[in-house]
Amino acid sequence: MTRPRILVVGAGFAGVECVRRLERRLGPDEADVTLVTPFSYQLYLPLLPQVASGVLTPQSIALSLRRSRKYRTRIIPGGAIGVDLKAKVCVIRTITDQTVNEPYDYLVLAPGSVTRTFDIPGLTDHAFGMKTLAEAAYIRDHVISQLDLADASQDPAERASRLQFVVVGGGYAGTETAACLQRLTHSAVKRYPRLDPRLIKWHLIDIAPKLMPELGDKLGRSAMEVLQRRGIEVSLGVSIEKAGPEEVTFTDGRVIPTRTLIWTAGVVASPLIATLGAETVRGRLAVTAEMSLPGHDGVFALGDAAAVPDVAKGLGNVCPPTAQHAMRQGRKVADNVIATLRGQSMEPYIHKDLGLVVDLGGKDAVSKPLGIELHGLPAQAVARGYHWSALRTNVAKTRVLTNWVLNAVAGDDFVRTGFQARKPAKLKDFEYTDAYMTPEQVREYVEGSGRGVS
């Protein structure tokens, strides 16, 4: 008899924690585990702004999936672009653009999320995202190159536009990105004696009336004060009307000459979820408290792509798409897959939120651990302590800690790695959201390939 096939889609916090738990708790002959991911590393997303600002190296937050000698999961290098629940087949596009079918007996969907965009003229053509390691590294190169080009320019208008930067999104990602990159330009401009530091202007805008409302009014004001003290212009109730290669128009009528538009205005569930034809809640797959998909035995979903009921908060609440929930959901869903495999009963996911941390760079941060409001150095200690402890491997912890210490002592050399010599890479170039199939295309492909029978 063949062993049951467990297919896990996605190597984010949820997917990796699920795979690690399965490997530890399943016998070697009990099941075969396969992981679908474009990259053989887990990305620690909350620290991306520190990569963009040069505090951390890219490698320090990319945790290898192949480092353990006991690792026995088969990795398929690619992305899932469709699922046929009836035939129990996942359609995968590999990194070489081949399309293959992968049959399964148990399916764990943790494909994560993609950047949420709107139908704003020029947005995807001219904005940068902050969702992948490549985007963070690219943005660092781009920002430093704007200083280089402004320094070399003889045109005052060009110089002014290259030294203005716009970040859209007043959530955690946008606020941390603006704060960290402003520190980068503030420190770097000292190496450019021909540039007037007063020309460097950072804008942070959000359509919401408050900055990071989840933190509460007091901490939200503390974060706002830190940004304004650094000279970042924060505009709330404002968004982008249109974007061009050399200017951005706000919805309040202002036209900002800029060559840098960074879009961090939220995320939505992976387009893979739409290929299932199943019920969703605001785009996230509707699942039970055990994270199983109703009506489909052996199918589970979790993380950013699933509306997992938040049992700790009560009826009607769903878990927010945060790392602390995704990691714990990954372990619980692995337990439930094993329970199903062994004919045992599943358990619901229950976790009380531990709080929130926002690292604004340097000595500045705001944190709310277990409901306790902190700002300044105590908040920074909590924020970095939380991130450091959440890193999965001792190697990653050592690299991150070393980077923090080195940056604090020696500063930055503001070196570009050469991305700007390549073609521009904007929002549309990184997330491949046009690669996914419709439910009808999935069904037609699976039936036509003749490999839909598991």
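Residues numbered from 1 in each chain as written. Predicted model: local features only at pLDDT ≥ 70, side-chain atom pairs only at ≥ 80, totals over all residues. Heavy atoms only, no water.

- An unreviewed UniProt entry lists the protein chain under the name NADH dehydrogenase, from Streptomyces pharetrae CZA14.
- Taken from UniProt, the Sequence similarities (unreviewed entry) comment for the protein chain reads in full: "Belongs to the NADH dehydrogenase family." (UniProt positions renumbered as here; feature names shortened; annotations may be inferred.)

1. As for the overall build of the protein chain
- A tally of regular secondary structure across the protein chain gives 11 helices and 24 strands.
- Taking 2.2 N^0.38 as the reference for a compact globule, 454 residues should give roughly 22 Å; the C-alpha atoms of the protein chain span a radius of gyration of 23 Å, in line with that estimate.
- By its C-alpha atoms, the protein chain is 75 × 50 × 45 Å across when sized along the principal axes.
- Split into buried and exposed, the 454 residues of the protein chain put 52% on the buried side.
- Long-range contacts, defined as pairs at least 24 residues apart, comprise 69% of the intrachain contacts of the protein chain with a sequence gap of at least 6.
- Carbon together with sulfur atoms contributes 53% to the accessible area of the protein chain, which is approximately 20800 Å² in total.
- Of the charged side chains in the protein chain, 55 are positive and 47 negative; the average position of the first set lies 6 Å away from that of the second. (Helix = DSSP H or I, 4+ residues; strand = E, 2+ residues; numbered from the N terminus. Rg over C-alpha atoms; globule rule 2.2 N^0.38 Å. Buried < 20%, exposed > 50% of the residue type's maximum accessible area, 1.4 Å probe, protein only. Contact = heavy atoms within 4.5 Å. Areas by Shrake-Rupley, 256 points an atom, 1.4 Å probe, with all protein chains shown as cover. Lys, Arg positive; Asp, Glu negative; His and termini not counted. Charge placed at Lys NZ, Arg CZ, Asp CG, Glu CD.)

2. Considering the environment of Gly82
- Structurally, Gly82 can be placed in strand S5 (residues 74-84).
- With a relative accessible area of 0%, Gly82 lands in the buried category.
- Separated by 297 residues in sequence, Gly82 and Ala379 have C-alpha atoms that sit 42 Å apart.

3. Here's the deal with the sheet that holds strand S21 (residues 306-307)
- Sheet architecture is open: three strands sit in the order S18-S19-S21, paired in mixed fashion. Of all the strands in the sheet, just strand S18 (280-281) and S21 have a single pairing partner and so form its edges. (Pairing = 2+ DSSP bridges.)

4. Points about the packing of helix H1 (residues 13-25) against helix H8 (residues 323-341)
- Packing of H1 against H8 brings their axes to within 7 Å, and their N-to-C directions diverge by 35°. Crossing geometry of H1 relative to H8 is assigned as right-handed. Between H1 and H8, the contacting residues are Phe13, Ala14, Glu17, Cys18, Arg21, Leu22 and Arg25 on the first element and Ala323, Ala326, Met327, Gly330, Arg331, Val333, Ala334, Asp335, Val337 and Ile338 on the second. (Axes fitted to C-alpha atoms, helices over the stretch in contact; angles between N-to-C directions. Left-handed = near helix turned anticlockwise from the far one by under 90°.)

5. Some remarks on the pairing of strand S16 (residues 260-263)
- Burial along S16 is two-sided: Thr260 and Ile262 facing one way and Leu261 and Trp263 facing the other are all buried.
- Across four bridges, strand S10 (residues 164-168) lies against S16 in parallel orientation. Bridge pairing in S16 links Val167 to Ile262.

6. Describing the pattern of salt bridges
- Using the criterion set out here, one finds 24 salt bridges in the structure.
- In this structure, Asp29 and Arg3 form a salt bridge, with 3.7 Å as the shortest nitrogen-oxygen distance. On the criterion of sequence distance, the pair formed by Asp29 in the loop between H1 and strand S2 (32-37) and Arg3 in the segment before strand S1 (5-9) is long-range, its members being 26 residues apart.
- Here Asp335 ties to Arg21 by a salt bridge, and the two come within 3.0 Å at their closest N and O atoms. (Salt bridge = Lys/Arg side-chain N within 4 Å of Asp/Glu carboxyl O.)

7. Re the packing of aromatic side chains
- The final tally for this structure, using the stated rule, is five aromatic pairs.
- Ring geometry for Phe39 and Tyr41: centres 5.3 Å apart, planes at 20°, overall stacked.
- Across the ring face of Trp388, the terminal group of Lys397 is positioned such that the distance to the ring centre comes to 5.1 Å. (Phe/Tyr/Trp six-rings, centres within 6.5 Å; stacked < 30°, edge-to-face > 60°. Lys NZ or Arg CZ within 6 Å of the ring centre and 35° of its normal.)

8. So, the sheet that holds S1
- Spatial ordering of the open sheet is given by S7-S6-S5-S2-S1-S8-S20, a layout of seven strands whose pairing is mixed. Single-partner strands in this sheet number two, and they are strand S7 (99-103) and strand S20 (299-301). Strand-to-strand twist of the sheet, defined as the mean angle between neighbouring strand axes without regard to direction, takes the value 35°.
- Sheet topology note: the S5/strand S6 (residues 89-94) ladder contains six bridges and is antiparallel.

9. Comments concerning the packing of helix H9 (residues 377-390) against helix H10 (residues 394-410)
- Between H9 and H10, whose axes approach to 9 Å, the crossing angle comes to 150°. Here H9 is positioned roughly antiparallel relative to H10, judged by the angle of their axes. Of the two possible hands of crossing, H9 and H10 adopt the one that is right-handed. Across from Arg384, Trp388 and Ser389 in H9, the residues of H10 making contact are Lys397, Leu401 and Trp404.
- A class-by-class count of the residues in the contact of H9 with H10 yields three nonpolar, one polar and two charged. (Parallel < 35°, antiparallel > 145°, perpendicular 65-115°, else oblique. Nonpolar A, V, L, I, M, F, W, Y, C, P; charged D, E, K, R; others polar.)

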